[in-house]
Amino acid sequence: MGALQSLPDEPEYRDLSEKTGFSFEQIGILHKRFKQLSHNEDTLRRDDLNTIPDLSCNPIRTQIIEAFFDKRNFHQNGEGTVQEISFEEFLVVMSHFRPPALDMTEEQREIIRREKLRFLFNMHDTDNDGTITLEEYRHVVEELLSRSGALGKETAKGIADAAMLEVASISMGHMEPDEFYEGITFEHFLKILKDIEIETRMNIRFLNMDTTNLCKKINSQQDHYLQVNGEQKIA
Amino acid sequence: MPAFSCAFPGCRRDLLVIVLVVFVGIGLPIEASAPAYQSHGTEGSHLTNITNTKKAFPVLAVNYEHVRKPFEIALWILLALLMKLGFHLIPRLSAVVPESCLLIVVGLLVGGLIKVIGEEPPVLDSQLFFLCLLPPIILDAGYFLPIRPFTENVGTILVFAVIGTLWNAFFMGGLLYALCQIESVGLSGVDLLACLLFGSIVSAVDPVAVLAVFEEIHINELVHILVFGESLLNDAVTVVLYNLFEEFSKVGTVTVLDVFLGVVCFFVVSLGGVLVGAIYGFLAAFTSRFTSHTRVIEPLFVFLYSYMAYLSSEMFHLSGIMALIACGVVMRPYVEANISHKSYTTIKYFLKMWSSVSETLIFIFLGVSTVAGPHAWNWTFVITTVILCLVSRVLGVIGLTFIINKFRIVKLTKKDQFIVAYGGLRGAIAFSLGYLLSNSHQMRNLFLTAIITVIFFTVFVQGMTIRPLVELLAVKKKKESKPSINEEIHTEFLDHLLTGVEGVCGHYGHYHWKEKLNRFNKTYVKRWLIAGENFKEPELIAFYRKMELKQAIMMVESGQLPSVLPSTISMQNIQPRAIPRVSKKREEEIRRILRANLQNNKQKMRSRSYSRHTLFDADEEDNVSEVRLRKTKMEMERRVSVMERRVSVMEREGRCDGEGGSV
């Protein structure tokens, strides 16, 4: 284990590579992971992701899993959610976390920035109406603070209210006392987060080579799978 | 354009007068003659003298020797600070020339003046430098080190610090040795080890110089942390190489075992320094848990523990700088959760003050020492040294970046590389190390001269030109960021999101380990080091409370609401409409009717005041509707007051102010 994989030269990989920008090796590794998570089936379901042990102590686990099943993230102008996803859709969602290449122009970086911020926006805008309302934002902050101890909803509410006020102040500037700020639109969202350089922050490293860690996981997952199906573990 | 024809001629004249007085003040004590009468200590022995030769009782006497040392120290510091003051009064000078250059020039002038008077100008004593002047600067840098960019780039920084410095030292030492072999230079007495020693002294990027110059150009965070982190972490390499070559050049030969021991020594020095610093950091954090009743001395704990960490590691010949940095970094999150706001401000300002004074003194002394020090000038050697410095730095940065970029997610662009290479300034540490060389080195004076020339070159030429070059190349500048609660929320959100996606991907990356460390920190470490119940508080809430506190303080100080954003938006605009809104006109109408009714009622009541029971008999319907109206009116007034109160509270909470969050 750990030796170079022989590249599966399937034509689908070429398509996927063009569509998402991953290299063949990266697609191969992610495909292995996909098969591992979905227990060698062709589609992935929510329960498969729910069982990942690393995610169990993540406060925003539900939102992350939902993001994988959100049609808005599949770049096909769809809406709503699905119950299961194929490998292609899995890869498209993963491609949101690729870093920009070294030689990109400013416009290309801007496009990538919008894409990543759009992903974040979709995660917050759960009812799919194009704005993040105060309720949705409160829910986001509550989830963030949910694992951090019993501090009650009041503080979360206070923080969310202050954040919303800030967005409104920066985006709208001046409002009459009886006007109502409906919610954060995508443009306002872009404006408020333009300083955190999301294209350099929202990236993870995708491996080009197989690692022993994956192998360990495969063994343990396989054991679990086999045991669940009542078969003997093959030593 | 004469810079002296400014708007405050009187002020300038005053400053010149003060400066002249200070100079005279330096000259006077040096030539002061011995005092006539001692003050306290030797009164007994003089009594007999006095009875023998009766003189008039001394009303006024000069006794300089008694106060000589503190007087001179205070005078030097005062001079340094007055110079600093003076620079900022001259309008265009501070924008063009970095402060460090000006201070060195002042040092040169003062040194020249002292020499003219005929006295020996004081040289920058290495012990004074390493034990008194350097620690405040490093502590200031380490305590306020921006942790997030540092940990994200720590791999790159270590590669530059360790491998880059090694490359510089060997490249320069080797080529200088080759140069010395050439007959025409006349330096054939210099052997390889001496050259390598010289290379190791002059190859390290200096944190003081980097801080002094980079602070004024406000470059983007990534490049700043790369150069600055490198200048801090290369101390271990410098210490090891210096001690190694010093030992070897005494002995004369090098074996493989020595090289191997040298490598082991490097790990011991760096990791040992970090360990010592971390231990003292935890001690300081633990101590701060109990200081709730003695808030006044809290800052002292921070300073003393850090200084002890530095001294302890210097005692064992470990890297003092790394110990200081480790101490500051480890101690900060826990100490800040425990100490009062005033103590935090005190620590911040004392550190800034001391590091500022130290930096000023270092540069002035550098100038004075240049005038004082023994010099041996050799054109070829010195010029080659300067050129080799530049060349090796550029080659090192380019080569290392090529390798590093294969492992980085966010690659370093050519502009970044240029600034990293150009910002590799040398400074007072190199000079002090050179000064420490024992006199038995025949080339000591030559080396000192070369080191001073390199320092001057990097500080003057590179320091002065880096600002226009940054403008010319349009390098990304630091974003002036106000603490924004949205950014804070999303930073934390991103952390969790990326950890989760890494979990889905199945490999243990940067975020996975960071999450593990955070959880360990929260469950075990914070429990011991943070006072009271605060340890359960997540960072977002701590941030939010700090922001509220700051705004409240600002409001109290300025007497009005802080309004950075000129907007009239308040909570009313955001809250969903649960309360049925009444238009202003209707509200006025209702108020008028109620007021009128109230008047009527008062009149009626006055006429029926003798019997309570008859109050509600007649005009029952009127009264019922009247009561209802009154109830409605009270209800409305209550609602309006509740909303107003909420508005004022939220306005205070929700506005962001412009004061820098964490320095």
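Not measured: the values here are computed from a predicted model.

Draft legend 1. Region of the structure containing the overall build of chain A. Helix and strand counts for chain A come out as 11 helices and 2 strands. Listing the helices and strands of chain A from first to last along the sequence gives α-α-β-α-α-β-α-α-α-α-α-α-α. The buried share among the 235 residues of chain A stands at 47%. Pairs at least 24 residues apart make up 58% of the contacts formed inside chain A by residues separated by at least 6 positions. Put simply, chain A shows about 11,800 Å² of open surface, and 49% of that area lies on carbon and sulfur atoms.

Draft legend 2. Summary view of the overall build of chain B. Helices and strands together make up the secondary structure of chain B, namely 25 helices and 0 strands. Taken over 663 residues, chain B has a buried fraction of 46%. Taking as baseline every contact in chain B between residues at least 6 positions apart, the subset at least 24 positions apart corresponds to 83%. Summed over all atoms, the accessible surface of chain B reaches about 34,600 Å², with 66% contributed by carbon and sulfur.

Draft legend 3. Spatial organisation of the pattern of salt bridges. All names here are of chain A. Considering all chains together, one arrives at 23 salt bridges over all chains under this definition. A salt bridge links E84 to R45; the shortest N-O distance between them is 3.2 Å. Of this pair, E84 sits in strand 2 (residues 84-85) while R45 sits in strand 1 (residues 44-45), and the two are 39 residues apart along the sequence. Residue classification places E84 among the partly exposed positions, given a relative accessible area of 36%. A salt bridge links E199 to R113; the nearest nitrogen and oxygen atoms lie 2.8 Å apart.

Draft legend 4. Main features of the confidence of the model for chain A. All names here are of chain A. Across chain A, the average pLDDT comes to 76, with 80% of residues at or above 70. Segment residues 1-7: pLDDT under 50, and 8 contacts once partners within four positions in sequence are set aside and those in other chains are kept. In the predicted structure, residues 230-235 sits below a pLDDT of 50 and forms 2 contacts with residues beyond four places in sequence or in another chain.

Draft legend 5. Region of interest: the nonpolar core. Ranked by size, the top nonpolar core spans 137 residues in total, and within it F129, L134, Y143, F198, F214, I219 and F381 of chain B carry the most contacts. Ignoring any residue separated from it by four or fewer positions in sequence, one finds F129 of chain B in contact with L124, L134, P135, I362, A428, I429 and S432 of chain B. Ranked by size, the runner-up nonpolar core spans 73 residues in total, among them V82 and V93 of chain A together with V501 and C505 of chain B.

Draft legend 6. Focus on the environment of H224 of chain B. All names here are of chain B. Relative to the helices and strands, H224 is located in helix 11 (residues 221-251). Between the C-alpha atoms of H224 and R295, which are 71 residues apart in sequence, the distance is 35 Å. When sequence neighbours within four positions are dropped, the list of residues in contact with H224 reads F214, I219 and G229.

Draft legend 7. Local environment of the packing of helix 12 (residues 256-288) of chain B against helix 13 (residues 298-315) of chain B. Residue and element names in this part refer to chain B. Relative orientation of the contacting elements helix 12 and helix 13 amounts to 160°, with a least axis distance of 9 Å. Between helix 12 and helix 13, the interaxial angle falls into the category roughly antiparallel. When the axes of helix 12 and helix 13 are compared, the crossing they make is right-handed. Together, V276, G277, Y280, L283, A284 and T287 of helix 12 and F301, Y305, M308, A309, S312 and S313 of helix 13 make up the contact between the two elements. Taken together, the residues that form the contact of helix 12 with helix 13 break down as 8 nonpolar, 4 polar and no charged.

Draft legend 8. Inspection of helix 8 (residues 154-181) of chain B at higher detail. Taking 1.5 Å per residue as the helical rise, helix 8 of chain B with its 28 residues ought to reach 40 Å, and the 40 Å between its terminal C-alpha atoms agrees with that figure. The largest bend along helix 8 of chain B reaches roughly 25° and is located at G164 of chain B.

Draft legend 9. Region of interest: unusual backbone geometry. The backbone of N128 of chain A sits at a positive phi, close to 65°, despite the residue not being glycine. Note on placement: N128 of chain A falls in the loop between helix 6 (106-124) and helix 7 (134-146). On the accessibility criterion, N128 of chain A (24% relative accessible area) is partly exposed. Although it is not a glycine, H218 of chain B sits at a positive phi angle of roughly 50°.

Draft legend 10. Fine view of the state of the cysteines. For the coordinates displayed, the defined rule picks out 0 disulfides over all chains. C327 of chain B supplies the cysteine sulfur nearest to C132 of chain B, a cysteine that is in no disulfide, at a spacing of 18 Å.

Draft legend 11. Spotlight on the confidence of the model for chain B. All names here are of chain B. Per-residue pLDDT for chain B averages 78, and the proportion of residues at 70 or more is 74%. Of all the helices and strands in chain B, helix 2 (residues 43-52) carries the lowest mean pLDDT, 48, while helix 13 carries the highest, 93. Low pLDDT (under 50) marks residues 561-567, which in the prediction has 20 contacts with non-local residues, meaning those over four places away or in another chain. This complex was scored by the predictor with a pTM of 0.73 and an ipTM of 0.84.

Draft legend 12. Inspection of a negative patch on the surface at higher detail. Residues E10, E12, D15 and E18 of chain A make up a contiguous surface patch of negative charge. Among the structural elements, E18 of chain A can be located in helix 1 (residues 11-20).

Draft legend 13. Here's a closer look at the packing of aromatic side chains. As enumerated under the stated definition, the model contains 28 aromatic pairs over all chains in all. Here F456 of chain B and F460 of chain B contribute two aromatic rings whose centre-to-centre distance is 5.6 Å and whose plane-to-plane angle is 40°, an arrangement assigned as tilted. Taken together, the residues F456 of chain B and F460 of chain B, both in helix 19 (residues 444-472) and 4 residues apart, mark about one turn of the helix. Pairwise contacts between aromatic rings join F34, F68, F87 and F90 of chain A into one cluster. Note that R46 of chain A overlies the ring of F69 of chain A, its terminal NZ or CZ placed 4.8 Å from the centroid. Residue placement shows R98 of chain A over the ring face of F22 of chain A; its charged tip is 5.7 Å from the ring centre.

Draft legend 14. Looking closely at a nonpolar patch on the surface. Residues and elements named next belong to chain B. Together, W167, W377, W379, I383, I387, L390, V391 and L395 give the surface a local cluster of nonpolar side chains, amounting to about 790 Å² of exposed area. If you tally residues by element for the nonpolar patch, the top one is helix 16 (residues 379-404), at 6 residues. One can find W167 in helix 8. Relative accessible area serves as the criterion here: at 35%, W167 is assigned to the partly exposed category.

Draft legend 15. Local environment of the side chain of S306 of chain B. All names here are of chain B. In this structure, S306 sits in helix 13. Polar contacts involving the side chain of S306 include one to the main-chain carbonyl oxygen of V302, which spans 2.6 Å. Filtering out sequence-adjacent residues up to four positions away, S306 remains in contact with L139, L324, C327 and M331.

Draft legend 16. The arrangement of the environment of P149 of chain B in detail. All names here are of chain B. Of note, P149 is situated in helix 7 (residues 147-152). P149 sits in the buried class, given a relative accessible area of 10%. Along the sequence, P149 and L226 sit 77 residues apart, while their C-alpha atoms lie 9.0 Å from each other. P149 has contacts with E221 and I225, leaving out every residue within four places of it along the chain.

Draft legend 17. How the structure looks around the side chain of E199 of chain A. All names here are of chain A. Counting through the fold element by element, E199 comes out in helix 10 (residues 198-201). Overall, the relative accessible area of 5% leaves E199 in the buried class. A polar contact is formed between the side chain of E199 and the side chain of R113, at a distance of 2.8 Å. Once you skip the residues sitting within four places of it in the chain, E199 turns out to touch P100, R109, I112, R113 and K116.

Draft legend 18. Representation of the packing of helix 11 of chain B against helix 12 of chain B in the model. Residue and element names in this part refer to chain B. Following both chains from N to C, one finds helix 11 and helix 12 inclined at 145°, their axes separated by 9 Å at the closest point. Remark: the crossing between helix 11 and helix 12 carries right-handed chirality. For the pair formed by helix 11 and helix 12, the contact residues are A236, V237, V239, V240, L244 and F248 on the first element and D258, G262, C265, F266, V269 and S270 on the second. Across the contact of helix 11 with helix 12, the residue classes break down as 9 nonpolar, 2 polar and 1 charged.

Draft legend 19. Examining helix 6 (residues 126-143) of chain B more closely. Residues and elements named next belong to chain B. The end-to-end C-alpha separation of helix 6 is 24 Å, in line with the 26 Å expected for 18 residues at 1.5 Å each. Maximal helix bending in helix 6 amounts to about 45°, located at L134; proline P135 follows within four positions. Of all 18 residues that make up helix 6, 14 are buried, and the element is covered over most of its length.

Scoring rules and cut-offs
Residue numbers here run from 1 along each chain, matching the order of that chain's written sequence. The naming scheme follows written order: chains are lettered A onward, ligands numbered 1 onward. Two thresholds apply to this predicted model, a pLDDT of at least 70 for residue-level local features and 80 or more for giving and counting side-chain atom pairs, whereas whole-chain, interface and lining totals are computed over all residues. Side-chain calculation: all heavy atoms of the structure are included, whereas hydrogens and water are not. Each helix is a run of H or I in the DSSP string that is no shorter than four residues. Each strand is a run of E no shorter than two, and both are numbered from the N terminus. Think of it in three bands: with a 1.4 Å probe and only protein chains considered, a residue is buried below 20% of the maximum accessible area for its type, exposed above 50%, and partly exposed in between. Contacts between residues were defined by any pair of non-hydrogen atoms, one from each residue, lying within 4.5 Å. Only the protein chains shown count as cover for residues, and all accessible areas are computed by the Shrake-Rupley method using a 1.4 Å probe. Salt bridges, as used here, are contacts in which a Lys or Arg side-chain nitrogen is within 4 Å of a carboxyl oxygen on Asp or Glu. In predicted models, pLDDT denotes the confidence assigned by the predictor to each residue on a 0 to 100 scale. Here the nonpolar core consists of buried residues drawn from Ala, Val, Leu, Ile, Met, Phe, Trp, Tyr and Cys, with membership extended through side-chain atoms lying within 4.5 Å. Every axis in this analysis is a line fitted to C-alpha atoms, fitted for helices over the stretch in contact. Angles between the N-to-C directions lie between 0 and 180 degrees. Orientation categories follow fixed angle ranges, with anything under 35 degrees roughly parallel, anything over 145 roughly antiparallel, 65 to 115 roughly perpendicular, and all other angles oblique. A crossing counts as left-handed when the near helix is turned anticlockwise from the far one by less than a right angle, and as right-handed when that turn is clockwise. The classification used treats Ala, Val, Leu, Ile, Met, Phe, Trp, Tyr, Cys and Pro as nonpolar, Asp, Glu, Lys and Arg as charged, and all other residues, Gly among them, as polar. Under the convention used throughout, the expected extent of a helix is 1.5 Å for every residue step, that is, one less than its residue count. Two axes enter the bend calculation: one fitted to the seven residues ending at the residue in question, the other to the seven starting there, and the bend is the angle between them. Cysteine sulfur atoms are paired as a disulfide whenever they fall within 2.5 Å. Like charges within 9 Å and nonpolar side chains (Val, Leu, Ile, Met, Phe, Trp, Tyr) within 5 Å are joined into patches, using only residues over 30% in relative accessible area that form no salt bridge. None of His or the chain ends enter the tally, which takes Lys and Arg as positive and Asp and Glu as negative. The atom standing in for a charge is NZ when the residue is Lys, CZ when it is Arg, CG when it is Asp and CD when it is Glu. Each Phe, Tyr or Trp ring, with Trp reduced to its six-membered ring, pairs with another whose centre is within 6.5 Å; inter-plane angles below 30 degrees give stacked pairs, above 60 give edge-to-face pairs, and intermediate values give tilted ones. Think of it as a cone above the ring: NZ of Lys or CZ of Arg counts as a charge over the ring if it is within 6 Å of the ring centre and within 35 degrees of the ring normal. Definition of a polar contact: a pair of N or O atoms within 3.5 Å, with one able to donate and the other able to accept a hydrogen when the atoms are protein atoms, and with sequence-neighbouring residues admitted only if both atoms are side-chain atoms.

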